Each structure stands twice: as C-alpha cells, then as structure tokens.
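Listed here are the chains, written in short residue letters.
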Amino acid sequence: MESSGPSPTALNNFRVVYLITQMVGASIVILTGSWVGVHLGGLSWTSNPAVQFNWHPLLMSIGMIFLYGNSILVYRGFRYARKKPLKVTHAAIHGLAFVFTVIALVAAFDSHNLAKVPIPNMYTLHSWVGMAAVVLFGLQYLFGFVSYLFPGVRESLRATYMPVHVFFGVLGFVLAIAASLLGLLEKAIFSMPDYRYLPPQGVLVNMIGLLLVVYGGLVVFLVTDPMYKRKALPEDAMLLTHSPSSQ
C-alpha cells in the first residue's frame, strides 16, 4: 500500500502529462480510422476478406493500445477513488480490450484463410510479437482476476504477486506497441509500392508510428515513476481490515 502521495506541483505535472497522453492515444485511434477509411478501402466482414483485415489495425489500436494503456493507468489517473471500484474498472477495461483484440485476431485470420489464394498465418515477426503480447495480456487478465477479484485469496499472496503483475502488465503493453509498429511497417510495405517516395499514405502511417512511440513512452513513464504513485486512502485500510477479500 502506498504511504505518501505526490506533492501539489508533481500532481499538477501528472495531470498535464496524463492529459497529453490521452490526446496522443485518441489521435492514434482517429488517425488509424482515417487510414483505414481513406486509404485501405473501409470496413467489411467475410464477404470481402481483403477489406475485413482492416478491422485488425483499427480494433488493435483501440484495444491493445488505447484501452490497455488506460487500464494500467487507472489507479494513478483516478487516485482519489476507492480501491475496490478501481479494481473493477481496471478489470472491466481489460475485459473490453480483450474483446476488441479477439475480434481483431479473427479478422486477421479470416482475411488470410478466406482469400482466393489463402495467405499463410503466423510467419512474420509482427505476428510472433503480436501473439506474444496477446497471450501475455490474456494470462495477466486471468491471474490478475483470480488474485485480486476472486474472494478468499490471502492478502500476503496478493502482495507478493503484485510486483510480478505490474512488471508483466507493463511488458505486455510494450510488446503491444512493438507489435503495432512492426504491423504498420509490414502493411505499408505490402500495400504501398511507392512507399519509398513517401506518398500521403506513407506520411500518415509514419505519423501513427511516431505517435505510438510517444504514447507508449508516456504511459510507461506515468505508470513507473514512483513520484506519481497513488496514495492509500483511509477507506483502503478499512477495507483491508474488515474484508480480506476486498483488496
């Protein structure tokens, strides 16, 4: 449990950086949507497998990037809320991100398997890194749910597991950023024969990539800087004292 909070100056700095982080994350989703709609032919489902793929970058940018980043920031972004609602919110955002991720994966596999000439799956570095991020994300969600929302788990075990949960949560997010960058490059090379001449689509893709780096760096900074760690509230101690399953 946290024993002290940030100074007023540090808290103001946190709010500014947190707001910038949200703006950058939203920009990634908006620009990815623009890329899909303007340059990649919009959205479809199994009736047009080539276009169905476009759900993949769009939903991954929402789920594994924007929502994932916000989920791991929820304790610091809403530091004055009670801990149990924050846990539920953290789990709910993770769950929503997982739903988007599953649909995105289905779209990617369908676009390969249903093509007139089927395309092999899981042969690129992007697919390997991306699947590693998804598997780690899923395991984090499972073990985190059992450890912190399942009743009856001893507080000592939860406290022991917390550093592991935090580390692998951040690692999974970094892997998701890396997979997104690899996927952007892969799609740009496959879809733009003139990429070397930096057409408008190439500029847009490169801008999305730079924003991914900025967003990833900001999220990791905010979630790992001890200055911005959430201060424990009196209600947290009461919950810990009166309800062992509430933490």
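Preceding this section is the structure that the text describes.
These figures come from a predicted structure and were not determined experimentally.

Asks: Help me understand the packing of helix α1 (residues 8–39) against helix α3 (residues 55–77), please; the structure alone is not making it clear to me.
Replies: Two numbers describe how α1 lies on α3: the axes approach to 9 Å, and their chain directions differ by 170 degrees. Classified by the angle between their axes, α1 and α3 sit roughly antiparallel to one another. Between α1 and α3, the residues in contact are F14, Y18, T21, Q22, G25, A26, I28, V29, T32, G33, W35 and V36 and P57, L58, S61, I62, I65, F66, N70, L73, R76 and G77, respectively. Among the residues making up the contact of α1 with α3, the classes are represented as 13 nonpolar, eight polar and one charged.

Asks: Sorry if this is basic, but what is going on with the packing of aromatic side chains here?
Replies: For any pair of aromatic rings, geometry is given as the distance between the ring centres together with the angle between the planes. A full pass over the atoms with the stated rule returns seven aromatic pairs. Considering the side-chain rings of Y148 and Y161, the 6.1 Å spacing of their centres and the 25 degrees angle between planes classify their relative orientation as stacked. Separated by 13 residues along the polypeptide, Y148 in helix α5 (residues 125–148) and Y161 in helix α6 (residues 155–191) bring together distant segments of the chain. For the pair Y148 and Y161, one class covers both residues: buried. For the ring pair F167 and F168, a centre distance of 5.0 Å and an interplane angle of 85 degrees mean the geometry is edge-to-face. The rings of Y68, F98, F137, F173 and Y215 are connected pair by pair, giving a single aromatic cluster. Against the face of F14 rests R79, its NZ or CZ located 5.0 Å from the ring centre.

Thresholds applied
Residues numbered from 1 in each chain as written. Predicted model: local features only at pLDDT ≥ 70, side-chain atom pairs only at ≥ 80, totals over all residues. Heavy atoms only, no water. Axes fitted to C-alpha atoms, helices over the stretch in contact; angles between N-to-C directions. Helix = DSSP H or I, 4+ residues; strand = E, 2+ residues; numbered from the N terminus. Parallel < 35°, antiparallel > 145°, perpendicular 65-115°, else oblique. Contact = heavy atoms within 4.5 Å. Nonpolar A, V, L, I, M, F, W, Y, C, P; charged D, E, K, R; others polar. Phe/Tyr/Trp six-rings, centres within 6.5 Å; stacked < 30°, edge-to-face > 60°. Buried < 20%, exposed > 50% of the residue type's maximum accessible area, 1.4 Å probe, protein only. Lys NZ or Arg CZ within 6 Å of the ring centre and 35° of its normal.

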